Amino acid sequence: MRVLGIDTSTMISTVTVVEDEKVIGDFNVNQEKTHSESLVPMIETLLNLLGLKLSDIDIFAISQGPGSFTGLRIGMTIAKTFAQVGNKKLIPVSTLKALALNSSSNSFKASMLDARGKRIYGAMYDENMNEIVKEDLYNIDDFSKLCNEKNVDFDLVSEVGEKYRDKFDRARILDFSYNSCIGKNLCKLALLKKDEDYDLYKLVPNYLRKSQAERDREKKND
């Protein structure tokens, strides 16, 4: 079984192909181009290098969010198009859960994405990857308090982990090389859900908050 994982939740465009639970291709690019410019060429290039076609993919795995509004929309749209054309299954995966899996230890894990203004998207998981701090948008002080209240050692997986190190009592901040590039984890988590049914036409990004345009519109209506 072949799975193609797509992540556009951050500045990094990620495309990964897993075959029979082995990574056979992994393409990650951090660049100034938008995902709309880079993603499809990346997919085409990786499949060509592997001697595969889109029709050879059995399951598409998409990073559902949270993350960049624009990036999530682009990734979801492209993944839905490929799945629809090929009549294949598309499986949504939490960006934060996939990021947490970059830690391979048996420790508790927390993952964070920067949401700017001392806010983060965050979640915490136990050693079995059960969610113990709900995936949500938090002020960093609120999130760190919830993690500290668990009173356990844990791995913190985040590009802003060093920035907020002092907020966490018992966190081990992972090296920068673990803080992005989650394609293989998307594929792994998708395979765990391969027998679940998803309505392709109802799948939407998990933004966790309203867009700036929506917030501005609400202010005008107040």
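These numbers come from a predicted model, not from an experiment.

Draft legend 1. Here's a closer look at the environment of Gln64. Within the secondary structure layout, Gln64 lies in strand β4 (residues 59-65). Note: C-alpha distance between Gln64 and Ile132 (68 residues apart in sequence) is 20 Å. Not counting residues within four places of it along the chain, the set of residues in contact with Gln64 comprises Leu72, Met76, Pro92, Val93, Thr95, Val204, Pro205 and Asn206.

Draft legend 2. Main features of the sheet that holds strand β2 (residues 12-19). Strand order in the open sheet made by the five strands is β3-β2-β1-β4-β5, with mixed pairing throughout. For this open sheet the edge positions go to β3 (22-30) and β5 (89-94), each flanked by a neighbour on one side alone. Averaged over neighbouring strand pairs, the angle between their axes works out to 20 degrees when direction is ignored. Direction of pairing for strand β1 (residues 2-7) relative to β4: parallel, over a ladder of four bridges. Along β4, the bridge assignment pairs Gly5 with Ala61. On top of the sheet, helix α1 (residues 35-50) reaches β1, β2 and β3; it is set at about 25 degrees to β2, its chief contact.

Definitions and limits used
Residues numbered from 1 in each chain as written. Predicted model: local features only at pLDDT ≥ 70, side-chain atom pairs only at ≥ 80, totals over all residues. Heavy atoms only, no water. Helix = DSSP H or I, 4+ residues; strand = E, 2+ residues; numbered from the N terminus. Contact = heavy atoms within 4.5 Å. Pairing = 2+ DSSP bridges. Axes fitted to C-alpha atoms, helices over the stretch in contact; angles between N-to-C directions.

Interpretation in functional terms is not warranted from these geometric data alone.
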